[in-house]
Amino acid sequence: MLQAKYFDGRSTRVRAVNLSVDGADLVVAGEDTQFRVPFAAVKVDERLGRAPRRLRFQDGAFCEVRDLDALDSLLSSTAHRDGWVDRMQRHLQFVLFSIVACVALTFAAYKWALPWAAAKGAHHLPPGIGKTLSVQTLNVLDGKILMPSKIAEERQQSLGARFHALQLPEGGTPDSDLLFRSSPQLGANAFTLPDGTIIVLDELLTSIGDDSEIMAVFAHELGHAHGRHGLQLLLQSSAVGAFWTLYIGDISNLLAAAPAAIVQARYSQDLEEQADDYGAALLIRNGMSPALLADALKKLAASHSGSSNGGYLSSHPSTDERMRHLRQLAAAQPPALH
Amino acid sequence: MDKVSGSESPSRAAAPLAPEQLYFTGSGAEYFGIWIVNLLLTIVTLGIYSAWAKVRRLQYFYRHTELAGSGFDFHGSPGRILFGRAIALVMLIAYNYSVRLHSPVTIVILIGIAIVMPWLLRNSLRFRLYNTSWRGTRFHFRGTVAGSYRVFLLNGFLTLITLYVMAPFMHQRLKAYQHDNSWFGRTRCSFHARAGQFYAIYLLLLAAVVVFAIVIGFSGIGGALAALSQVQKHGGHADPHAVFRALAILYGALILMGMTVGPVFHAFVTNLIWSNTRLGEHRIECKMSAPGLVWISVSNFVLVVLTLGLFIPWAMVRLAKFQLESVRLLPASDLQEFLAAEPETLGAVGEEAATAFDFDISL
């Protein structure tokens, strides 16, 4: 015998009933209610905490049971078995396992799956998107942070000619645009927009001076263009933002906005290493030494050491480590390269 | 209000019925198990399980909410919620795309979203209410499509062009559309709050924001003065620590404002809305304490941050308990007398699109 409340599904009237199992049937008996149904036709709600459970009948009527232990013993005499999600939710071991698994999966997704998927996605986006984003970015920056270049026209042309004559590791020559700007705020810097357009600042050209080393910096930037790193970063930060909003947004919209920026710095370090490797391969292909990029990095590090902004190196991994890696690549080349 | 024939109680006027308080009986520890399994399965299935997770979450909260000894229930099907989420995702991507890319397509997409939104929001209300029941009797939303365009599109537009002077009026019209068109079985709800009452609360909100702005202004000026005195002492550059301190005070004051003014406003508006809503001839009374809600919001925020999110289930349960238990139903007659309406079927598309755009207009 199990006490329950019976609702007919047509009004809010409560009827006290007793439930029992007789063979394959469920027997419902109480004030002006008396019937039996095959247990196979009864849908039993899963257990959710200590909420009353319902035994639903096909006509929309149901019985509400509060004594969950008594219901369990009644159900044990029938063919009913709790669902697997239902059991998972209630077992301490599985709950603890879930915490560990959530943390591990989130970390793996962030560290490997997301960069991989974003890189794939960046290569499949229509080129128009990168173009539009770049035009917009340049419109925003020009006149505010980026000023016209003061480098002589002939020097711009000769650097541009050398840049466009570079042989890419995968064959062909760069189809990226090369733009000259100056910026007191950004200092000695060069960067690549989502469509592959490379912007080089006067401050970088003057602090490096040597044309071969400047080509080495361009080789590094072409690595960003080749890998479509701008679009990849955009996709990655959108995905992280979306996940974070779903996870924490219910509780606080203030918190939801914060982390995208923190995540960016870590991602761009991996991308810098990729761009260094591509740059080294490009230099070797053009008969130049990867050590040129290491030399350029050294000069940039020196030019930034006195000022408060990190400029070109702020989002980059340890410069010493990068230089060591590049010099190793250079040492592995035949001595004909300088 | 329709009644079961012959069940009218003759002694109703003589013996007033006792108020029925809403109770929430869920616990954070219990809900944690459901929440973490939901999260894990959602991650493993790349988000597909989130529809099933949503059903479990709502069922947990509805079934632990009790009125007069009986729980509520949620009946939405995960398949429809998943379909709704897919459509919401497409709209969200289109929206983000069009906001970032300024091209002629942007305007077309934004106009398209504006045109379908009222329809989706109306469907969302229908889906949510139709799938909510108490004692086996379902709720219904019967607002018209024309009404949803008037409330969401026309009034929204008027609010914008009057620089939000009409926002309280718009809020009142929205709640009237929502509550006047809500039914429990064959019993209709009604909404009685006037726009003037909304204006009073909005003016209070405005006053609080102005006071905070003055305080923030002073603390910002104080910080700047501190930074300047550092410059005079050391000469040359401003001390970065002093600048950082000034910024920290500013940001801290902004967070404090968000966490105090927001909940106080929410408590006042919720009390106004629900205390002026009736179910048939039954009255509802909502007395949510504003300081209480501030305390819950601030402590939830701090604990969620400190536990990197693991406190979320407890935070949700605390908030639900606090909000729900501030509501009482003042019955005018026996609560056994509601009758169910004819069955209907609806899609979840509207509801999912609405929540994805953060337009949650339910309590």
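Not measured: the values here are computed from a predicted model.

About the thresholds
Residues numbered from 1 in each chain as written. Chains lettered and ligands numbered in written order. Predicted model: local features only at pLDDT ≥ 70, side-chain atom pairs only at ≥ 80, totals over all residues. Helix = DSSP H or I, 4+ residues; strand = E, 2+ residues; numbered from the N terminus. Contact = placed C-beta atoms within 7 Å. Buried ≥ 20, exposed ≤ 12 C-beta atoms within 10 Å, placed from the backbone. Nonpolar A, V, L, I, M, F, W, Y, C, P; charged D, E, K, R; others polar. Axes fitted to C-alpha atoms, helices over the stretch in contact; angles between N-to-C directions. Parallel < 35°, antiparallel > 145°, perpendicular 65-115°, else oblique. Left-handed = near helix turned anticlockwise from the far one by under 90°. Expected span 1.5 Å × (residues − 1). Bend = angle between axes of the 7 residues up to and from the residue. pLDDT = per-residue confidence, 0-100. Pairing = 2+ DSSP bridges.

S.K.: It is not clear to me how the overall build of chain B should be interpreted in this structure. Could you clarify?
M.R.: Looking only at helices and strands, chain B has 11 helices and 10 strands in total. Within chain B, residue pairs in contact and separated by at least 24 positions form 71% of the contacts whose partners lie at least 6 positions apart.

S.K.: Looking at this structure, how should I read the overall build of chain A?
M.R.: Scanning chain A from terminus to terminus reveals 12 helices and 11 strands. By the burial criterion, 33% of the 338 residues in chain A qualify as buried. Contacts spanning at least 24 positions in sequence make up 58% of the contacts within chain A whose residues lie at least 6 apart.

S.K.: Would you take a moment to explain the interface of chain B and chain A for this structure?
M.R.: Much of the literature gives interface size as the accessible area that the parts lose upon coming together. Contact residues are listed per partner, giving 39 residues for chain B and 33 residues for chain A. At nine residues, helix α1 (residues 28-44) of chain B tops the list of elements feeding residues into the side of chain B that touches chain A. Residues belonging to the side of chain B that touches chain A are distributed by class as follows: 20 nonpolar, 16 polar and three charged.

S.K.: Could you clarify how one ought to interpret the packing of helix α4 (residues 104-130) of chain B against helix α5 (residues 145-161) of chain B in this entry?
M.R.: Two measures define how a pair of helices packs: the angle their axes make with one another and the distance between the axes. Residue and element names in this part refer to chain B. At a minimum axis separation of 9 Å, α4 and α5 run at an interaxial angle of 120°. As judged from the angle between their axes, α4 and α5 are oblique. Handedness of the α4/α5 crossing: right-handed. Here α4 contributes A114, M117, P118, W119, L121 and R122 to the contact with α5, which in turn contributes V145, S148, Y149, F152 and L153. Residues belonging to the contact of α4 with α5 are distributed by class as follows: nine nonpolar, one polar and one charged.

S.K.: Would you take a moment to explain the packing of α5(B) against helix α6 (residues 167-180) of chain B for this structure?
M.R.: Residue and element names in this part refer to chain B. With their axes 10 Å apart at the nearest point, α5 and α6 run at an angle of 175° to one another. Looking at the two axes, α5 sits roughly antiparallel to α6. For the pair α5 and α6, contact is made by G147, V151, N155, G156 and T159 and by A167, M170, R173, L174 and Y177, respectively. The residue makeup of the contact of α5 with α6, split by class, is five nonpolar, four polar and one charged.

S.K.: Would you mind showing me how to read α4(B) here?
M.R.: Side chains three or four residues apart in an α-helix point the same way, a direct result of the helix having 3.6 residues per turn. When the terminal C-alpha atoms of α4(B) are compared, their 39 Å separation across 27 residues agrees well with the 39 Å that a helix rising 1.5 Å per residue should span. Helix geometry: α4(B) is bent most strongly at B:M117, by close to 35°, with proline B:P118 lying one to four residues after it.

S.K.: Please explain the confidence of the model for chain A as it appears in this structure.
M.R.: Do not read the fine detail of predicted coordinates wherever pLDDT is low. The predicted model of chain A has a mean per-residue pLDDT of 84, with 88% of residues at 70 or higher. Counting contacts from residues 306-311 of chain A, a segment whose pLDDT is below 50, to residues more than four positions away or on other chains yields eight contacts.

S.K.: Can you walk me through the sheet that holds strand β5 (residues 137-141) of chain B in this structure?
M.R.: Working definition: the strands of a sheet are paired by backbone hydrogen bonds and lie parallel or antiparallel to each other. Residue and element names in this part refer to chain B. Pairing within the closed barrel is antiparallel, and its 10 strands lie in the order β1-β2-β3-β4-β5-β6-β7-β8-β9-β10. Neighbouring strand axes in the sheet, compared pairwise and without regard to direction, differ in orientation by 30° on average. With two bridges connecting them, strand β2 (residues 65-67) and strand β3 (residues 70-74) associate as antiparallel partners. By the bridge assignment for β3, L67 is matched with S70. Here α4 sits on the sheet in contact with β4 (132-134), β5 and β6 (182-184), set at roughly 170° to β5. Seen against the sheet, α6 touches β6, β7 (187-191) and β8 (277-279) and runs at an angle of roughly 165° to β7.

S.K.: Got a minute to help me understand the environment of A:L293 in this structure?
M.R.: All names here are of chain A. The topology assignment puts L293 in helix α11 (residues 291-305). With 213 residues separating them along the chain, L293 and H80 place their C-alpha atoms 70 Å apart. In this structure, L293 is in contact with A216, A219, H220, D276, G279, A280, L283 and L326, ignoring residues within four places of it in sequence.

S.K.: Quick question: what am I supposed to make of the pairing of strand β11 (residues 198-201) of chain A here?
M.R.: For a regular strand, side chains alternate in direction, first toward one face of the sheet and then toward the other. Residue and element names in this part refer to chain A. Burial of β11 is two-sided: the residues I198 and V200 facing one way and the residues I199 and L201 facing the other way are all buried. Where strand β9 (residues 178-182) and β11 come together, four bridges link them in parallel fashion. What sits directly across from L178, in β11, is I198. In this sheet, β11 lies alongside strand β10 (residues 190-192) in antiparallel orientation, the contact comprising three bridges. Of the residues in β11, the one forming a bridge with T192 is I198. Counting the residues that bridge the hairpin from β10 to β11 gives five residues, and of these G196 lies at a positive phi of roughly 100°.

S.K.: Could you clarify how one ought to interpret the pairing of β9(A) in this entry?
M.R.: Note that strand β8 (residues 147-148) of chain A and β9(A) share two bridges and pair antiparallel. Opposite A:P148, over in β9(A), you have A:R181 as the bridge partner.

S.K.: So what exactly am I meant to see when it comes to the confidence of the model for chain B here?
M.R.: Residue and element names in this part refer to chain B. Confidence in the prediction for chain B averages 82 pLDDT; 80% of positions are at 70 or higher. The low-confidence segment residues 1-14, where pLDDT is below 50, has 15 contacts with residues more than four positions distant or belonging to other chains. The low-confidence segment residues 352-363, where pLDDT is below 50, has 25 contacts with residues more than four positions distant or belonging to other chains.

S.K.: Can you help me understand the environment of A:F39 in this one?
M.R.: Residue and element names in this part refer to chain A. Inspection of the secondary structure puts F39 in the loop between β4 (33-38) and β5 (43-44). We classify F39 as buried; it has 20 C-beta atoms within 10 Å. Sequence separation between F39 and A24 is 15 residues; the distance between their C-alpha atoms is 5.8 Å.

S.K.: I tried to follow the sheet that holds strand β7 (residues 62-65) of chain A on my own but got confused; where do I start?
M.R.: All names here are of chain A. Within the open sheet, the seven strands sit side by side as β4-β3-β2-β1-β7-β6-β5. Their pairing is antiparallel. The sheet is open, and its two borders are formed by β4 and β5, each paired with just one other strand. Direction of pairing for strand β1 (residues 2-7) relative to strand β2 (residues 15-22): antiparallel, over a ladder of five bridges. When the sheet's bridge partners are listed, A4 is paired in β2 with V17. Each of β1, β2, β5, β6 (53-56) and β7 touches helix α1 (residues 68-76); the most contacted strand, β1, lies at about 95° to it.

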